[in-house]
Amino acid sequence: MEPFAALTGVAAPLLLPDVNTDQIAPASPEARSLHPDYAKLFFAGWRTRSDRTPDPEFVFNRPQFRVAKILVAGENFGCGSSRESAVWAPMAIGIRCVVARSFADTYRENCLKNGVLPIVLEPHVATAFEAGVVAVDGSAPYTVDLNVQRITCPDGTAVAFAISAAERTALLEGLDDIGLTLKHVEDIAQWESRAGNERPWLQRLRPPPA
Amino acid sequence: MPQTLAEKIWDSHVVGRRIDGKELLYMDRHVMHELHAPRAMRRLGEAKRTVRRPDLTFGVLDHAVATVPGRDANSSADGAPLAKAMREGADRFGFRLFDIDEPEQGIAHVVAPELGMVMPGATHACPDSHACTVGGLGALAFACGTSELEHVLATQVIALTRPKQMRIRLDGRLGAGVTAKDVILHLIGRFGIAGARGHIVEFAGTVARDLSIEGRLTLCNMAIEMGARTGLVAPDEKTFAWLTGRPWAPSGAAWEAVVNAGAALTSDDDAHFDCDVIVDCNALEPQVTWGTDPSHVVGVNEPLPDPDAAGGDRADAMRRAYDYMGLQPGMMLAGQPVHRVFIGSCTNARLEDLEDAAAIVRGRHVPDGVRALVVPGSTAVKKQAEAAGLDAVFRAAGFEWHESGCSMCAGANGDAAVPGQRCLSTSNRNFEGRQGPGVRTHLVSPAMAAAAAVTGTIVDARVLARAGA
């Protein structure tokens, strides 16, 4: 996984609650291809109107947000399907950090596995931060510093955010999740051996007779 | 120390604790599908890793298969390369793929239970949010993304932080014509789509006990729509009877050991739940969603809610949903014209669901202007239904009778409606565009979907059931 470096970029507001992964990366022939163009999936339904022309009102169609690196969302962002394309699609257009009121469980995990920083701000901080992002309207960049756990706004004010030490380290160092687990390969083997004795029906699965 | 059922299963599967504090949880079974597995296998190969336990790993073709009668692996232009990648992966890594032309083919969450691959007290991984379905058999199931799928392939464990514990006690008895689908839709409406976030939900109480296994699978299927990490129902005699003799279930002395171990698979009387609620189901009526997430739901005889009463962000979301759905607060759903009906998906396409629907359909006919589709949850369900003559009932009534797959649940592979159409669907998500751009989805039980199909309107199926054919 690519390490999360300090990030400076435009913050795009999408302040709706319950934005689900079917909206972030809708099912489509493109999504079902072996090598999807994830940028094409990104909010495909919301980017275009029913006559298939781009919706100029949609935040990511507005010129100043085409280079956004930070997505600012509402409650329960990423609910619904566990599809990881809902993280790869924002990544494909350059998003590396999502600030939300809250995240769906699997979506947050999918972010962490891809080096995308998920930030949840305290409600009283979030309200002012969101208002600032709307007011700035993409005219100036925000800086996210994971080392010191702080977002610096264009007016110089800063907002602190919390993240577990382990998640912070994993992002900063770009740790390989599978590699971390494989350090426990002996534990896994021992567990299998013990379970094979205690619950053989789970460990020794035999195909049914033909 | 007293424990919940989920804690017991969790603790008996902890392999170790990683340096980042996450617990490594062993996955007894891993069932993956063709939409996500090819990428995970490709990355596994690139990292020069292999599948640790191909004997506990299975592949299905469900998300991207065509369901038209007479289909094969090439009938779906999108699905053909994915199916090919699954076959190559099965050959390379040595897991069993239930291919499109095999009798075991079907939707992952339907196939795993019916093959007896899911055991009470076991863990189960599937890279799909509806993995929680198999909790209906008392297993602890985990959904995941593609990176986690690769992780399970390489290690047979998932690294997780322990979720909180929630219990929903479903008191009372369901009235005639009220089903597990109505219960879970009502719960999502009551607690919201994030109401169980961060929790494992145990469904308990008389209603959970009285439900058939098929009903429990439906109930647990939509635990994710409340935001739950997973859901489950404690196993009982019904569970073991249902699993007895299934192809991949143990037999003989091994099966007796499974049943004996099952006695301990309950939450202790004084177990602690972070959230413990009782819901009276006596007065529950058939539910219909009206909006664009599963919490936008009412009883079929209730007026649609007022966004102003909800307040805040959610009121805006409700207004947006009304706009998308072409409905207004205060209206009744009953009487709304219906264009499409879909009976299928991992939620409601088991044999009992098709029987419920057929009981309404028998002797009636789909009117002009309505297209109705039945897509059995698995090839085995399809064969059982055909042996019972259900396909003839549906066909005689003007329904299309298809092969198994995810189909219109996600508007896949040509099984989609057109913009503005109102679709009554037995699936699990009524999100904007889920069944095709601009399609207005209403989630309902199989009987309610069948009633809509044969009347061309949203209607209380109990009225038709009482009237008979």
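The rules behind the values
Residues numbered from 1 in each chain as written. Chains lettered and ligands numbered in written order. Predicted model: local features only at pLDDT ≥ 70, side-chain atom pairs only at ≥ 80, totals over all residues. Helix = DSSP H or I, 4+ residues; strand = E, 2+ residues; numbered from the N terminus. Buried ≥ 20, exposed ≤ 12 C-beta atoms within 10 Å, placed from the backbone. Contact = placed C-beta atoms within 7 Å. Rg over C-alpha atoms; globule rule 2.2 N^0.38 Å. Domains from an automatic or database assignment. Nonpolar A, V, L, I, M, F, W, Y, C, P; charged D, E, K, R; others polar. Pairing = 2+ DSSP bridges. Axes fitted to C-alpha atoms, helices over the stretch in contact; angles between N-to-C directions. Parallel < 35°, antiparallel > 145°, perpendicular 65-115°, else oblique. Left-handed = near helix turned anticlockwise from the far one by under 90°. Core = buried A, V, L, I, M, F, W, Y, C linked by C-beta atoms within 7 Å. pLDDT = per-residue confidence, 0-100.

Caption draft 1: Region of the structure containing the overall build of chain A. When its secondary structure is counted, chain A shows 10 helices and seven strands. Along the three orthogonal principal directions, the C-alpha set of chain A runs to about 65 × 45 × 25 Å. Residue burial in chain A is summarised as follows: out of 210 residues, 44% are buried. Contacts in chain A between residues at least 24 apart in sequence constitute 66% of all its contacts with a sequence separation of at least 6.

Caption draft 2: Structural context of the overall build of chain B. A count of helical and extended segments in chain B gives 17 helices and 19 strands. A compact globule built from 469 residues should have a C-alpha radius of gyration of about 23 Å, and chain B, at 21 Å, falls within 12% of that. Counting only residues that meet the buried cut, chain B has 63% of its 469 residues in that class. Here the contacts in chain B between residues at least 6 apart in sequence split such that 76% fall between residues at least 24 apart.

Caption draft 3: Here's a closer look at the domain arrangement of chain B. Residues and elements named next belong to chain B. Here chain B is described as being made up of domain 1 (5-160), domain 2 (164-240 + 258-280) and domain 3 (288-467). Spacing between the C-alpha centres of domain 1 and domain 2 amounts to 24 Å. Each partner contributes to the interface: domain 1 provides 22 residues, whereas domain 2 provides 25 residues. Of the residues that constitute the side of domain 1 that touches domain 2, the class distribution is 12 nonpolar, eight polar and two charged.

Caption draft 4: Seen up close, helix α14 (residues 379-387) of chain B. Residue and element names in this part refer to chain B. Every buried residue belonging to α14 is among T379, A380, V381, K382 and A385, and all of these are buried. On its buried side, α14 packs onto α4 (108-114), α13 (351-361) and α15 (390-396). Where α14 terminates, the next one or two residues include G389, which has phi positive at roughly 80 degrees.

Caption draft 5: Geometry of the interface of chain A and chain B. With 45 residues of chain A at the contact, the number on the chain B side is 62 residues. Elements with a minimum of two residues in the side of chain A that touches chain B: α1 (21-24), α5 (105-112), α7 (165-173), α8 (177-182), α9 (185-198) and α10 (200-203) of chain A. By residue number, the principal contributor to the side of chain A that touches chain B is α8 of chain A, which donates five residues. Considered class by class, the residues forming the side of chain A that touches chain B number 20 nonpolar, 15 polar and 10 charged.

Caption draft 6: Highlighting the sheet that holds strand β8 (residues 157-160) of chain B. Taken together, the three strands give an open sheet; going across it, the order is β1-β2-β8 (chain B), and neighbouring strands pair in antiparallel fashion. Both edges of this open sheet fall to β1 (14-17) and β8 of chain B, since each of them pairs with a single strand only. Between one strand axis and the next, the sheet turns by 25 degrees as a mean value, whatever way the strands run. With four bridges connecting them, strand β2 (residues 23-26) of chain B and β8 of chain B associate as antiparallel partners. Bridging across to β8 of chain B, L25 of chain B finds its partner in I158 of chain B. This element, α9 of chain A, spans β1, β2 and β8 of chain B of the sheet and lies at about 160 degrees to β1 of chain B.

Caption draft 7: View of the sheet that holds strand β15 (residues 340-343) of chain B. Residues and elements named next belong to chain B. What the five strands build is an open sheet, ordered β17-β16-β15-β18-β19; its pairing is parallel. Looking at which strands have only one partner, the edges of the open sheet turn out to be β17 (400-401) and β19 (440-443). Across four bridges, β15 lies against strand β16 (residues 371-374) in parallel orientation. Its bridge partner being in β16, R340 is matched across the sheet by R371.

Caption draft 8: Examining the domain arrangement of chain A more closely. Once the domains are mapped, chain A shows domain 1 (7-175) and domain 2 (176-210). On a C-alpha basis, the centres of domain 1 of chain A and domain 2 of chain A stand 37 Å from each other.

Caption draft 9: Looking closely at the packing of helix α2 (residues 37-46) of chain B against helix α5 (residues 146-155) of chain B. Residue and element names in this part refer to chain B. Axis separation between α2 and α5 bottoms out at 9 Å; the angle between their running directions is 55 degrees. Classed by the angle they form, the pair α2 and α5 counts as oblique. Where α2 crosses over α5, the handedness of that crossing is right-handed. The residues of α5 that touch α2, namely those facing A37, R39, A40, R43 and L44, are T146, L149, E150, L153 and A154. Residue composition of the contact of α2 with α5, grouped by class: six nonpolar, one polar and three charged.

Caption draft 10: Summary view of the nonpolar core. If you look at the biggest cluster of nonpolar residues, it comprises 220 residues, and the most contacted ones within it are I70 of chain A together with V341 and A450 of chain B. A total of eight residues in this core trace back to one element, the largest contributor, which is helix α16 (residues 446-455) of chain B. If sequence neighbours within four positions are ignored, V341 of chain B has contacts with V370, A372, L373, L424, A449, A452 and A453 of chain B.

Caption draft 11: Region of the structure containing the confidence of the model for chain B. Per-chain confidence: chain B averages 96 in pLDDT, with 99% of residues scoring 70 or above. Here the predicted complex carries an ipTM of 0.95, next to a pTM of 0.97.

Caption draft 12: Spotlight on unusual backbone geometry. For R52 of chain A, which is not a glycine, the phi torsion comes out positive at approximately 70 degrees. With respect to the secondary-structure elements, R52 of chain A resides in the loop between α3 (44-47) and β2 (68-73). Despite not being glycine, Q156 of chain B shows a phi value in the positive range, around 65 degrees. Topologically, Q156 of chain B is positioned in the loop between α5 and β8.

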